[in-house]
Amino acid sequence: MLALTTRKINNKKSTNMKKFIYFISIISLGAASCGKLDNYPMPNAALSGRVVDAGSKNTVQTETGGGGTRVKLEEISWSDNPTPFYFYSMQDGTFNNTKLFVSTNKISVEGAFVPLVQYDNSGNITVDKRQTVDLRKGAQNIVFEVEPFLNVEWVSDPVINTDSTITVQARVSRGTANPDFQNDVSDINLYINSVPYVGNNNFDNRYALTVSYNGSDGNALLGQTITLTTTGKLPGKRSWWLRVGARTTYGLKQYNYTDIKKVTLP
Amino acid sequence: MKIIKYLTILFLACAINACTKLEVAPTNIIQDNDVFTSTGGIQIYFARMYSELPIEDFRYSPARGLNMFWIISPFPAVTGEALSRDQRGAMTESVLYWGDAYGLIREVNYFLQTLPKYVSNFDAGDVQSWIGEAHFIRAFTYFSLAKRYGGVPIVTNVLEYPTKELSSLDVPRSSEEKTYDFIASDLDTAIAKLSETNQQGRANKYAAAAFKSRAMLYAGSIAKYNQVSLFDDSHNRLCGIPSDKAVTYFKAAYDAAVMVEGHYSLYKKAWAAGDKEAQYQNYVKMFFDNESPENIFVKQYLYPQSVHGYDAYNVPRQCMGPNGYSSEVSPTLNFVEMFDGLPKNPDGTIQNLDATGKYKLFDNTMDIFSNAEPRLRATVILPGDMFKGQSIEIRRGIYTGSSAGGISPLIPAGATIQYPTTNLVQSANGSQQAYTLPDNTTINPAGASGTFFADETCSQTGFSIRKYLDESLPQSQVKENNEDQTWIEIRYAEVLLNRAEAAFELYTAGQSGADYLGDAFTDINQVRERAGADLLTAPTDLNDIKIIQKERRKELGFENKIWWDLKRWRILDKEQNNALYRVMMPFMVAENKKYFFDVRKDEKNRYYSFDPKWYYEQIPTDEINKSPSLKQNPGY
């Protein structure tokens, strides 16, 4: 009885083994067909740089993601009319991409500043400040000097009030003398968040102060020291990150910002 | 040798024979000969095209696109007309309409190219009308593209592949202006050729004219209000229309609207002057009368072949059908406040407090609406109003504190905090614990249709949607894919509003040629009279485009048109700039069973922010990969 059982098991084992061998051989066929390496080299060019205010040479502050500054690459190595490739800048106005292919590109940036490429009413290009850059192996660094629509700057450090709010003073002024880009100021906001990523894309609605203006009402505040206070009682024993943002009605209505200040509530 | 020769010849001969008869038309594919030889065939061809027509009806939502039965995340909750538990902020369309449009355009082009070969089968008048109808369908489709993307590729013939080169399929975008001009010329052809009458659900001459007034009004608004510009390398302005063209388009819109006059009229079958109840009933019935003189172009449904679930998703909670759902659309107080006949503060907001800042008290929830514009009752179910033979009970909670000396607001004005728990009894969901009032009667803290503080399957705002709900549908039949009321895509009230807006724009642009201001005044008053609203007393009252915009938002609310209007006026980014919509919550006072209303910002803190780049939608990236000459819209 015992022997019989063993034999049965052995039989089973041998068929299983055969199946296993077939299986292995099929797998190895598959492995052989996959063995070939990609015929392109890995993207090994890198591009870094910053967008600076042509006047002050400070980087132009922005937000991360869709509402912020982005870098536009038009690869002209093989086509005169390429589909552009974009990547976004960091919120401090610098950018870095280490996985680009070796190529020749027209590079520009888009954001809350006077466009680098401008058209007249008939579609003729009147201004073209794109930079043609040969992206070669290794890192390249480029700087774009732009005129932001608005300069937003701190006047003094944030002050913690006794009612657990924070008051800041800021100033908003025109960043360009070109009248075509001096649209009405529509919003001046104090953003606050519990993480260092703060801006119109990322803020705490409970405490931020958002003020919008109709028509040209907001323009009266240009050049003035503006005092802004957060709304609601801020929870203490933690850090908050703040910045002031302002925008005009031009184009996609993107924001200009101050840099970010950290405030720790006791 | 000879044998081999003969065999070869024989073999070759066989081969020749075998090849002669291979061109048999496949019997499982319908051929032109089957379709273009009978009126029935043509009708089937049109039925298919109409079924694909991009009508944003009961089966459309921006989250899921066209012809989709599952309409949660409803369109009105994107515009601010309403709030919904399944739509928690502003959005742009996430299903992008592009490929289906060009499929339908191809069908139209194929029809226009093929029909001339078969004209001998038909009456010449019919053929002309069908050509006009096909142009209407093409214009309708192009307009659906233009209002989303601006300028789009214009394709007027059937693109051939693989007989033609692949590159010939890569058609670049035309300018936005040329796209609208093409729509206008297709509609002019449609107006010239279409017959005066047609089957229900199909366009006639006046449907084409009415639609032209809509399309041209959009074009004029883009020319006047748009700030975004995009050029391609061939100097075509893909986004934006030169502002000096605004007058041309407004004039075209006005002329087209005038063409419809006398052929359609406002529905007033059950209307009576000075009788608010009759005016209310009339407005409700308008959406269910298939013989309505107001219906210019409709999309019909028929159970069980073609159905939707409008009632299942939208009835108030207490009318919920056997399979669940309900209350997807809760109109905002912002929407309700636009209407006449409500007690209002000087700033236009509803007056829920007395002069001393305490809540006004009412015997029942309908008292504050006793004088409301009939159109409001027909559009929105107000708390305590009758629907399906029952009073729709909407109550946020019971106030158990003292009412002596008046009740002060529960939370500070403008606050976004939750209601306090002291002096308030509330319900988390529909299984409620009855509360015993001081007079020993018991009552549930919240109404049968809400509002519960946790479960959101109830009214979110103090109101529920009324428009288009079928009052005769038994509760057992309130199910998804079970409703078949007709969708009215174009009705005469819209034509009047198009006409008024175009006329007013022409007037403000200093155009002479007609008494444009007087015309706008008459149009608006016709709409208002039927609605039971307050009339304008003189043309000079019409001193702001906002009056016409507001009338449009009231009349066409919840008909899936408002989002496009707010977009073409380019005011949506201003309106939805980190915005919270307002709600009005009825509370019962335990002590005396009276009611007060608390007006507040949305309790669930659904902030709305419309991104200005959404004025032009993103062209699907896979379409750009297929057709590299398509230039993407700004910001994407």
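Look above for the structure.
The structure reproduced in this document is the subject of the present report.

Here is what the cut-offs are and how they apply
Every chain's residues receive numbers from 1 upward, in the order its sequence appears when written. In the order they appear in the text, chains get letters beginning with A and ligands get numbers beginning with 1. Where totals are concerned, whole chains, interfaces and linings use all residues; where local detail is concerned, this predicted model gives features only for residues with pLDDT of at least 70, and gives and counts side-chain atom pairs only at 80 or more. The basis for the side-chain values is all heavy atoms of the structure; hydrogens and waters are excluded. Put simply, DSSP marks the helices as runs of H or I at least four residues long and the strands as runs of E at least two long, and each gets a number from the N terminus on. Radius of gyration here uses only the C-alpha atoms, and the compact-globule reference equals 2.2 Å multiplied by the residue count raised to the power 0.38. For each residue, the accessible area found with a 1.4 Å probe, counting protein chains only, is set against the maximum for its type, and the residue is called buried under 20%, exposed over 50%, and partly exposed in between. For this analysis, residues touch if any pair of their heavy atoms sits within 4.5 Å. Here, a salt bridge means any side-chain nitrogen of Lys or Arg that lies within 4 Å of a carboxyl oxygen of Asp or Glu. By buried area we mean the combined loss of accessible area, with a 1.4 Å probe, across both parts when two parts are placed together. Counted as a polar contact is a pair of N or O atoms within 3.5 Å, where, for protein atoms, one must be capable of donating a hydrogen and the other of accepting one, and residues adjacent in sequence contribute only when both atoms are in side chains. When DSSP locates at least two bridges between a pair of strands, those strands are taken to pair. Lines are fitted to the C-alpha atoms to define the axes, a helix being fitted only along its stretch in contact, and any angle between axes, read from their N-to-C directions, falls within 0 to 180 degrees. Between the rings of Phe, Tyr and Trp (Trp by its six-membered ring), a pair exists once the centres lie within 6.5 Å; its type follows the angle of the planes, with under 30 degrees stacked, over 60 edge-to-face, and the other angles tilted. In our convention, an over-ring charge means Lys NZ or Arg CZ found within 6 Å of a ring centre and within 35 degrees of that ring's normal.

What about the overall build of chain B?
Looking only at helices and strands, chain B features 19 helices and 16 strands. Its C-alpha atoms give chain B a radius of gyration of 29 Å, near enough to 26 Å, the size a compact globule of 636 residues would have. Here the C-alpha coordinates of chain B stretch approximately 125 × 65 × 50 Å along the principal axes. Per-residue burial for chain B yields a buried fraction of 58% across its 636 residues. Within chain B, counting contacts between residues at least 6 apart in sequence, those at least 24 apart form 74% of the total.

A closer look at the pattern of salt bridges
All names here are of chain B. Overall, the coordinates contain 63 salt bridges over all chains when judged by the stated rule. Linking Glu 337 and Arg 582 is a salt bridge whose minimum nitrogen-to-oxygen distance equals 2.7 Å. One end of the pair, Glu 337, is in the loop between helix H12 (333-336) and helix H13 (374-379); the other, Arg 582, is in strand E15 (residues 582-589), with 245 residues separating them in the sequence. Arg 568 is the partner of Asp 565 in a salt bridge, and the nearest nitrogen-oxygen pair spans 3.0 Å. Within this pair, Asp 565 and its partner Arg 568 are both found in helix H17 (residues 562-568), separated by three residues, close to a single helical turn. Side by side, Asp 565 and Arg 568 carry an identical accessibility label, which is buried.

Re the interface of chain A and chain B
With 24 residues of chain A at the contact, the number on the chain B side is 17 residues. At the boundary of chain A with chain B, total buried surface from both sides reaches about 1800 Å², with 43% on carbon and sulfur atoms. Our enumeration of links across chain A and chain B arrives at one salt bridge. The partner of A:Lys253 in a salt bridge is B:Asp573, with the nearest N and O atoms 2.9 Å apart. Taken together, the links from chain A to chain B amount to eight residue pairs in polar contact (both at pLDDT 80 or more).

Examining the sheet that holds strand E11 (residues 166-174) of chain A
Residues and elements named next belong to chain A. Pairing within the open sheet is antiparallel, and its three strands lie in the order E10-E11-E14. Each of the sheet's edge strands pairs with one partner strand only, and the pair in question is strand E10 (150-160) and strand E14 (225-229). Adjacent strand axes in the sheet meet at a mean angle of 25 degrees, parallel and antiparallel pairs treated alike. Of the strand pairs in this sheet, E10 and E11 are connected by eight bridges, and their pairing is antiparallel. In the strand pairing of E11, Ser 156 is matched with Gln 169.

Observations concerning the packing of aromatic side chains
All names here are of chain B. All told, the structure shown has 57 aromatic pairs over all chains when counted by the stated rule. Judged by centre distance (5.8 Å) and plane angle (70 degrees), the ring pair of Phe 136 and Phe 211 falls under edge-to-face. Linking Phe 136 in helix H6 (residues 124-149) with Phe 211 in helix H8 (residues 205-225), this pair joins segments that are 75 residues apart in sequence. Take Phe 136 and Phe 211: they sit in the same class, and that class is buried. Taken together, a centroid distance of 4.9 Å and an interplanar angle of 75 degrees make the contact between Phe 335 and Phe 558 edge-to-face. Here Phe 335, found in helix H12, pairs with Phe 558, found in the loop between helix H16 (545-555) and H17; they are 223 residues apart in sequence, far enough to count as distant. With relative accessibility at 3%, the residue Phe 335 sits in the buried group. Accessibility expressed as a relative area gives 4% for Phe 558, which makes it buried. The lysine or arginine in question, Lys 268, covers the ring of Trp 271, its NZ or CZ lying 4.1 Å from the ring centre. Directly above the aromatic system of Tyr 616 lies the positively charged group of Arg 570, at a separation of 5.2 Å from the ring centroid.

Observations concerning the sheet that holds E15(B)
Two orientations exist for strands paired in a sheet by backbone hydrogen bonds: parallel and antiparallel. All names here are of chain B. Read across the open sheet, the four strands follow the order E10-E9-E15-E16; overall the sheet is mixed. Each having just a single partner strand, strand E10 (424-425) and strand E16 (595-601) make up the two edges of the open sheet. Bridging between E15 and E16 involves seven bridges; their strand directions are antiparallel. Note on E16: the bridge partner recorded for Arg 582 is Lys 601.

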